[in-house]
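Chain by chain, the residues run as shown.
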Amino acid sequence: DEIHVYHRHGWPGYSIYTIFKIEYKGAAIYLRNVESMVTLTGTSFKLRNPPHMVQLAFGERRDAIYETEAILDHLLFHPNTA
């Protein structure tokens, strides 16, 4: 298995513009590590769109269950949210 790494022209090393290509079950999957911000229209409120661990291309029910349990545990038991 190979991982292909694509860099933006003029940007040395890894950056938010770096794209990774992997092959999974015969299909190409492209990944990028970015922080996504959501802005509520008509307000100054912004929040970070949280990362997710479910593979969009090959998601499984099990992955959704694990991710749901993880966020619930965080919301219920983390010191700054409990």
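Residues numbered from 1 in each chain as written. Predicted model: local features only at pLDDT ≥ 70, side-chain atom pairs only at ≥ 80, totals over all residues. Heavy atoms only, no water.

1. Quick look at the pattern of salt bridges
As a reminder of what qualifies: What makes a salt bridge here is a side-chain nitrogen of Lys or Arg within 4 Å of a carboxyl oxygen of Asp or Glu, nothing more. Here's how the labels work: a residue is buried when its accessible area is under 20% of the maximum for its type, exposed when over 50%, partly exposed in between, all with a 1.4 Å probe on protein chains only.
Counted by the stated rule, this structure contains three salt bridges. Its salt-bridge partner being R62, residue E60 comes within 3.6 Å of it at the nearest N-O pair. For E60, a relative accessible area of 38% gives the class partly exposed. Through salt bridges with shared partners, a single ionic network connects E60, R62 and D63.

2. A few points about the side chain of T18
Just so we agree on the cut-off: Helix and strand labels come from DSSP, where a helix needs a run of H or I of at least four residues and a strand needs a run of E of at least two; each type is numbered from the N terminus. Here a polar contact means two N or O atoms within 3.5 Å. Within protein one must be a hydrogen donor candidate and the other an acceptor candidate, and residues neighboring in sequence count only if both atoms are side-chain atoms. Pairs of residues are marked as contacts when any of their non-hydrogen atoms sit within 4.5 Å.
Structurally, T18 is set in the loop between strand 1 (3-6) and strand 2 (19-24). From its side chain, T18 meets the backbone nitrogen of S15 in a polar contact 2.8 Å long. What T18 contacts, discounting residues up to four positions off in sequence, is V5, Y6, H7, G13, L31 and R32.

3. Quick look at the packing of aromatic side chains
Just so we agree on the cut-off: Centres within 6.5 Å are what make two rings of Phe, Tyr or Trp a pair, Trp counting through its six-membered ring; a difference in plane orientation under 30 degrees is then read as stacked, over 60 as edge-to-face, and the rest as tilted.
If you walk through the whole model with that rule in mind, you get one aromatic pair. Summarising the aromatic geometry, the rings of Y14 and F20 are spaced 5.9 Å apart at their centres and angled 20 degrees between planes, so their arrangement reads as stacked. Residue Y14 is classed as exposed on the basis of its relative accessible area, which comes to 62%.

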